[in-house]
Amino acid sequence: GKPTLYGSLTRRGLSTEGVPDIAASEGFVVGEVTKKSILISCPHENVSTKFLAPYTTFCRIHQKSITCLDISSGGGLGVSTSTDGTMKIWQAANGEIRRLLEGHVYDVNCCRFFPSGLVVLSGGMDAQLKIWSAEDASCVVTFKGHKGGILDTAIVDRGRNVLSCSRDGTARLWDCGKSACLGVIADCSSPVNGIAVGTADDSLNLGTPEKAPSEREIGTEGKILLLAREDKKLQGVGLQSRQPVFLFVGSDAFNCCTFLSSTYILAGTQDGNIYQLDVRNTNTPIQVIHRSGAPVHSLLPYRDGFIASQGDGTCFIIQQDLDYVLDLTEADCDPVYKVASWEKQIYTCCRDGIVRRYQLSDL
């Protein structure tokens, strides 16, 4: 609701160490400057942002937009999907391609590593969910049951069970060992764009299952499933009970959701809102963060804060112990679709087909 403040930065030269000397126009102050970062503040508005350049970029993994990526638990491998129709596994250190995962028909929408880092879960527009060996690229399991494209997945505990959500409005629980569907967790009559599974706060009533759970269900007790829905609703469902826990109505379609803790959750909408909610009382958000009207594409918990990426190319980190926002630069105006992290390294994938790696060790 306030007028936008504009300013300019001017580079006046380089120091002997190769660090630029930068001056800001009236109303803005340049703080610390390194080869990879610059801290800008606007004292009048009491806001500060540190802009961080990528440590390295990988341009040759895919030919077109990269829609999803993940990094293995040991940090050694990356997996990514693209609108060029391919899904690839690559070295996280240098982007060197190791494996091509072929088997989906049409686009692959989502991919993630199992906790072991040796197996990959993927979902595609062909309504199929597949499990792959990262070591030899073989497809070990294919799940069929969804009637529409799969939009997101989640892994329960160590991965005996996995979850998927689809354009068909359902979220399903699958048994990896028997490659069978254990049940429809929710049927929303509206596409489910994103899901997240987490351990619920003890005080939360997750409901009671109508019938005894299958012995093939491993680790579903005490868990809550978040559903980011196209019909502007964020829903919480007891994973074992299949009973609704809460329903929150937002300003636009929900694209993504995640857990910050057993009590706090985040969800992002198509019109740029990031809602922080307390699962014990979802009537009023704790806070609503709105930096631009661009769609929020991904949310990732990071240390004591989170990373968000949006459709206008912004990707930023908000942390409780930092008095500034950290902006990951260089995507320009291309949407940043997904963010993954391993220790102090953050990877982003973008419509421009580039994977960018940022190093946070010097912050």
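Residues numbered from 1 in each chain as written. Predicted model: local features only at pLDDT ≥ 70, side-chain atom pairs only at ≥ 80, totals over all residues. Heavy atoms only, no water.

Peer 1: I'm lost on the overall build of the protein chain in this one. Help?
Peer 2: The helix and strand inventory of the protein chain stands at 0 helices and 33 strands. When the 363 residues of the protein chain are sorted by exposure, 52% land in the buried category. Restricting the contact set of the protein chain to residue pairs at least 6 apart, pairs at least 24 apart contribute 43%. Split by element, the accessible area of the protein chain, about 16500 Å² in all, is 47% carbon and sulfur. The positive charge centre, built from 35 side chains, and the negative charge centre, built from 40, are 4 Å apart in the protein chain. (Helix = DSSP H or I, 4+ residues; strand = E, 2+ residues; numbered from the N terminus. Buried < 20%, exposed > 50% of the residue type's maximum accessible area, 1.4 Å probe, protein only. Contact = heavy atoms within 4.5 Å. Areas by Shrake-Rupley, 256 points an atom, 1.4 Å probe, with all protein chains shown as cover. Lys, Arg positive; Asp, Glu negative; His and termini not counted. Charge placed at Lys NZ, Arg CZ, Asp CG, Glu CD.)

Peer 1: Looking at this structure, I do not really get the sheet that holds strand β9 (residues 87–91). What am I missing?
Peer 2: Where strands meet in a sheet, backbone hydrogen bonds hold them as pairs that are either parallel or antiparallel. Strand order in the open sheet formed by 4 strands is β7-β8-β9-β10, and the pairing between neighbours is antiparallel. Since the sheet does not close on itself, it has two edges, and those belong to β7 (66–71) and β10 (97–100), each with one partner. Averaged over neighbouring strand pairs, the angle between their axes works out to 25° when direction is ignored. Alignment of β9 against β10, held across 3 bridges, turns out to be antiparallel. Bridged to Lys88 within β10 is Leu100. (Pairing = 2+ DSSP bridges. Axes fitted to C-alpha atoms, helices over the stretch in contact; angles between N-to-C directions.)

Peer 1: Is there a simple way to explain the side chain of Thr269 in this structure?
Peer 2: Among the secondary structure elements, Thr269 is positioned in strand β24 (residues 264–269). Residue Thr269 is classed as buried on the basis of its relative accessible area of 0%. Among the polar contacts listed, one links the side chain of Thr269 to the side chain of Asp271, at a separation of 2.6 Å. Filtering out sequence-adjacent residues up to four positions away, Thr269 remains in contact with Ser251, Asp252, Ala253, Phe254, Asn255, Tyr275, Pro295 and Val296. (Polar contact = N/O pair within 3.5 Å; in protein donor to acceptor, adjacent residues only side chain to side chain.)

Peer 1: I would appreciate a short explanation of unusual backbone geometry in the present structure.
Peer 2: For residues other than glycine, phi is negative in most cases, and the peptide bonds are mostly trans. Of note in this structure, Tyr106 is not a glycine but carries a positive phi near 65°. Structurally, Tyr106 can be placed in the loop between β10 and β11 (108–113). Since its relative accessible area comes to 63%, Tyr106 is described here as exposed.

Peer 1: Would you explain the sheet that holds strand β18 (residues 180–187) in this entry?
Peer 2: Within the open sheet, the 4 strands sit side by side as β15-β16-β17-β18. Their pairing is antiparallel. Unpaired on one side and paired on the other, β15 (150–156) and β18 mark the two borders of the sheet. For this sheet the average axis-to-axis angle between neighbouring strands, irrespective of direction, equals 20°. Relative to strand β16 (residues 161–166), β15 runs antiparallel, the two being bridged by 6 bridges. Counterpart to Ile150 in the pairing with β16 is Ser166.

Peer 1: Help me out: how do you make sense of the environment of His297 in this one?
Peer 2: One can find His297 in strand β27 (residues 296–302). C-alpha separation for the pair His297 and Gln310, spaced 13 residues apart in sequence, amounts to 5.3 Å. The contacts of His297, once residues within four sequence positions are left out, are Cys256, Ser309, Gln310, Gly311, Pro335, Val336 and Tyr337.

Peer 1: I tried to follow the state of the cysteines on my own but got confused; where do I start?
Peer 2: By definition, a disulfide is the covalent link that joins the sulfur atoms of two cysteine residues. One pass over the structure, following the stated rule, counts 0 disulfides. The thiol of Cys139 is not disulfide-bonded; the next cysteine sulfur, from Cys176, is found 12 Å away. Given the relative accessible area of 32%, Cys139 is considered partly exposed. The structure places no disulfide on Cys181, whose sulfur is separated from the nearest cysteine sulfur, that of Cys176, by 12 Å. (Disulfide = S-S within 2.5 Å.)

Peer 1: How should the domain arrangement of the protein chain be read in this particular structure?
Peer 2: When the parts of a complex come together, some accessible area is lost, and that lost area is often taken as the interface size. Domain boundaries assigned for the protein chain yield domain 1 (9–49) and domain 2 (57–359). Placing a centre on the C-alpha atoms of domain 1 and another on those of domain 2 gives a separation of 35 Å. (Domains from an automatic or database assignment.)

Peer 1: What's the story with the packing of aromatic side chains in this structure? I'm lost.
Peer 2: Note on aromatic pairs: each is described by the distance of the centres and the angle between the planes. Applying the stated rule across the entire model yields 6 aromatic pairs. Judged by centre distance (6.3 Å) and plane angle (50°), the rings of Trp90 and Tyr347 are tilted. Of this pair, Trp90 sits in strand β9 while Tyr347 sits in strand β32 (residues 345–350); the two residues are 257 residues apart in sequence, bridging distant segments of the chain. Residue classification places Trp90 among the buried residues on the basis of a relative accessible area of 0%. Exposure remark for Tyr347: the relative accessible area of 1% places this residue in the buried category. (Phe/Tyr/Trp six-rings, centres within 6.5 Å; stacked < 30°, edge-to-face > 60°.)

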